[in-house]
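One-letter residues, chain by chain:
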Amino acid sequence: MISGAVVNQVLEGDNAVAKNREVMGAANAATIRKELAESIKANSVHGSDSLENAATEIAFFFKPDENVG
C-alpha cells in the first residue's frame, strides 16, 4: 500500500470483510488479485482480514469526519 498511488474505500454491511475478500480472491489463484499483480507480494488489491484490522487501516487512511455512512 506504499509503493504507488492507491484508491481507498470503506465498505460496510453484513459480512463486508468476508464478501470483499471473496470478490478479491486469493493472491495465488486465477483472480483479480493475482491477475493484476506484479508478484504475489506486490498484488494489486488489499482488503482487511478482520474487523479489527479494518478499523486500524481505516484510521490510517481517513480522518474520522471523512467517513460517512
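Above this text is the structure in question.
Now for a quick tour of the structure. It should be emphasised that the depicted structure is a prediction, and the values quoted were computed from it without experimental measurement.

Turning next to the overall build of the protein. Along the backbone of the protein there are three helices and zero strands. Starting at the N terminus, the α and β elements of the protein follow one another as α-α-α. On the principal axes, the C-alpha backbone points of the protein span a range of 35 × 30 × 15 Å. Evaluated residue by residue, the protein yields a buried proportion of 16% over its 69 residues.

This paragraph deals with the environment of Lys-34. Within the element layout of this structure, Lys-34 appears in helix 2 (residues 32–35). In sequence terms Lys-34 and Val-45 are eleven residues apart; their C-alpha atoms lie 8.6 Å from each other. Apart from the residues within four sequence positions on either side, Lys-34 is in contact with Ala-26, Ala-27, Asn-28 and Ala-29.

This brings us to the packing of aromatic side chains. The full count for this structure, using the stated rule, is one aromatic pair. Aromatic pair Phe-60 and Phe-61: ring centres 4.8 Å apart, planes at 85°, arrangement edge-to-face. Exposure remark for Phe-61: the relative accessible area of 26% places this residue in the partly exposed category.

Here the focus is a nonpolar patch on the surface. On the surface, a cluster of nonpolar side chains totalling about 310 Å² of accessible area is made up of Val-23, Ile-32 and Leu-36. Structurally, Ile-32 is set in helix 2. Of the residues examined, Ile-32 reaches a relative accessible area of 43% and is grouped as partly exposed.

Moving on to the side chain of Thr-31. Inspection of the secondary structure puts Thr-31 in the loop between helix 1 (16–24) and helix 2. Among the residues examined, Thr-31 registers a relative accessible area of 19% and is labelled buried. Excluding residues that lie within four positions of it along the chain, Thr-31 makes contacts with Met-24, Gly-25 and Ala-26.

Procedures and definitions
Residues numbered from 1 in each chain as written. Predicted model: local features only at pLDDT ≥ 70, side-chain atom pairs only at ≥ 80, totals over all residues. Heavy atoms only, no water. Helix = DSSP H or I, 4+ residues; strand = E, 2+ residues; numbered from the N terminus. Buried < 20%, exposed > 50% of the residue type's maximum accessible area, 1.4 Å probe, protein only. Contact = heavy atoms within 4.5 Å. Phe/Tyr/Trp six-rings, centres within 6.5 Å; stacked < 30°, edge-to-face > 60°. Patch = residues over 30% accessible without salt bridge, like charges linked within 9 Å, V, L, I, M, F, W, Y side chains within 5 Å. Areas by Shrake-Rupley, 256 points an atom, 1.4 Å probe, with all protein chains shown as cover. Salt bridge = Lys/Arg side-chain N within 4 Å of Asp/Glu carboxyl O.

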